Amino acid sequence: MAPQHAQAQTQAADRRPRPASFHHDAIEPLPPIPASPSDLAHRAVLCKLLPQSIEQIAARLGRLPSVQRDHAAIAEFGVHHGGSFQHLLPHALEHDLTIFAVDSFEGMGEPGPRDGGKYPKGRLSVNGPDTFTRRFGMHTNVRVFPGFIPDVLARFDALTRFAFVHLDVDHYQPTVDVLNFIWDRMLPGAIVAVHDYFPGRTDLTTPAVDEFLDRHALRHDGLESTVVWFTKP
Ligand SMILES: C[S@@+](CC[C@H](N)C(=O)[O-])C[C@H]1O[C@@H](n2cnc3c(N)ncnc32)[C@H](O)[C@@H]1O
């Protein structure tokens, strides 16, 4: 075969569609996400609450304007490596809902006066969103929003309505900001679950939740494995 012809054949072969497994073979498998017993307990609570939230919304769907139903989504604020996100994702896929993953991916922001010294700036950084996106981004339902709260909240479409929210950002002010942002965007019957709630604590997540519930004259529906949850009326 003339060298030029051989080269043309190689190029043609390169243009043939790759087998579906091509990408998976070419990419190194990602290491498993580490989990402690308390992580597993936390995730078990989420796996109970998310279907409950969907069921409660479904019971009211007939009364929701279709524009709200059509823009229903799940969101996690504070995804880190994706330890809890990996348990929310199958529910999003099962119900064909968009699922938002919101995180700075650069760790904590600057602590404020209500945060103490436990989580300094940059703690829990995963050095950007690339690993998370590689692990989960192949699902078209997944939308990754890298950035610091509150600025990143501006990326949400005005029509988005939340069917379930998991909030896990540890610091006081971003917890306040997310609660204020999501509340008018929650579907009636939808559950907000907040991690790291310790009754009586006066710094970090706990006072943010207590003040929010007081302001809205609400009570929480439950507290288990440091996950507190409440429902949008
Ligand atoms: C405890 S980790 C989340 C753990 C995760 N939900 C899980 O269970 O596997 C807290 C996350 O919140 C993120 N975070 C904290 N403050 C933030 C802020 N102001 N804006 C965006 N992300 C923030 C951190 O980057 C970190 O990844």
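First, a word on scope: everything that follows refers to the structure included in this document.

What counts, and at which threshold
Residues numbered from 1 in each chain as written. Predicted model: local features only at pLDDT ≥ 70, side-chain atom pairs only at ≥ 80, totals over all residues. Helix = DSSP H or I, 4+ residues; strand = E, 2+ residues; numbered from the N terminus. Buried ≥ 20, exposed ≤ 12 C-beta atoms within 10 Å, placed from the backbone. Contact = placed C-beta atoms within 7 Å. Near = placed C-beta within 6 Å. Nonpolar A, V, L, I, M, F, W, Y, C, P; charged D, E, K, R; others polar. Axes fitted to C-alpha atoms, helices over the stretch in contact; angles between N-to-C directions. Parallel < 35°, antiparallel > 145°, perpendicular 65-115°, else oblique. Left-handed = near helix turned anticlockwise from the far one by under 90°. Core = buried A, V, L, I, M, F, W, Y, C linked by C-beta atoms within 7 Å. Arc of directions from axis to C-beta.

### Side note on the overall build of the protein
So, point 1. For the protein, the count of helices and strands is eight helices and seven strands.
So, point 2. Counting all 233 residues of the protein, 31% fall into the buried class.
So, point 3. Contacts in the protein between residues far apart in sequence, at least 24 positions, make up 74% of those at least 6 positions apart.

### Comments concerning the site of the ligand
So, point 1. In the vicinity of the ligand lie 18 residues, with Gly 78, His 80, Gly 83, Ser 84 and Ser 104 positioned nearest.
So, point 2. When the residues that make up the shell around the ligand are grouped by side-chain class, the tally is seven nonpolar, eight polar and three charged.

### Considerations on the packing of helix H3 (residues 37-60) against helix H5 (residues 85-94)
So, point 1. Two numbers describe how H3 lies on H5: the axes approach to 9 Å, and their chain directions differ by 20°. If you check the angle between H3 and H5, you find them roughly parallel. Read as a crossing pair, H3 and H5 show a hand that is right-handed. In this structure, H3 uses Arg 43, Leu 46, Cys 47, Leu 50 and Pro 51 to contact H5, whose residues at the interface are His 87, Leu 88 and His 91.
So, point 2. Of the residues belonging to the contact of H3 with H5, the class tally is five nonpolar, two polar and one charged.

### Topic: unusual backbone geometry
So, point 1. Note that the residue after Ile 149, namely Pro 150, is joined by a cis bond; omega there is 15°.
So, point 2. The residue Pro 150 is located in the loop between strand S3 (142-146) and strand S4 (161-167) in this model.
So, point 3. Unusually for a residue other than glycine, Leu 124 sits at a positive phi of about 75°.
So, point 4. Note on Leu 124: 16 C-beta atoms within 10 Å, which makes it partly exposed.
So, point 5. Even without glycine at this site, Asp 170 takes up a positive phi of about 70°.
So, point 6. By the element assignment, Asp 170 lies in the loop between S4 and helix H7 (172-183).
So, point 7. Among the residues examined, Asp 170 registers 19 C-beta atoms within 10 Å and is labelled partly exposed.

### Examining the nonpolar core
So, point 1. One finds Phe 162, Ala 163, Phe 164 and Val 192 to be the most contacted residues of the largest nonpolar core, which totals 48 residues.
So, point 2. Of the residues forming this core, the biggest block, seven residues, is contributed by strand S5 (residues 186-195).
So, point 3. Here Phe 164 is in contact with Leu 50, Ser 53, Ile 54, Ile 74, Ala 190 and Ile 191, once residues within four sequence places are set aside.

### Concerning helix H8 (residues 205-215)
So, point 1. Taken as a whole, H8 has its buried residues at Thr 205, Thr 206, Ala 208 and Val 209. Seen along its axis, H8 keeps its buried residues to an arc of 165°; they face one direction. Along H8, exposed side chains directed more than 90 degrees from the buried face belong to Asp 214 and Arg 215.
So, point 2. Of the surrounding secondary structure, the elements contacted by the buried residues of H8 are H7, S5 and strand S7 (227-231).

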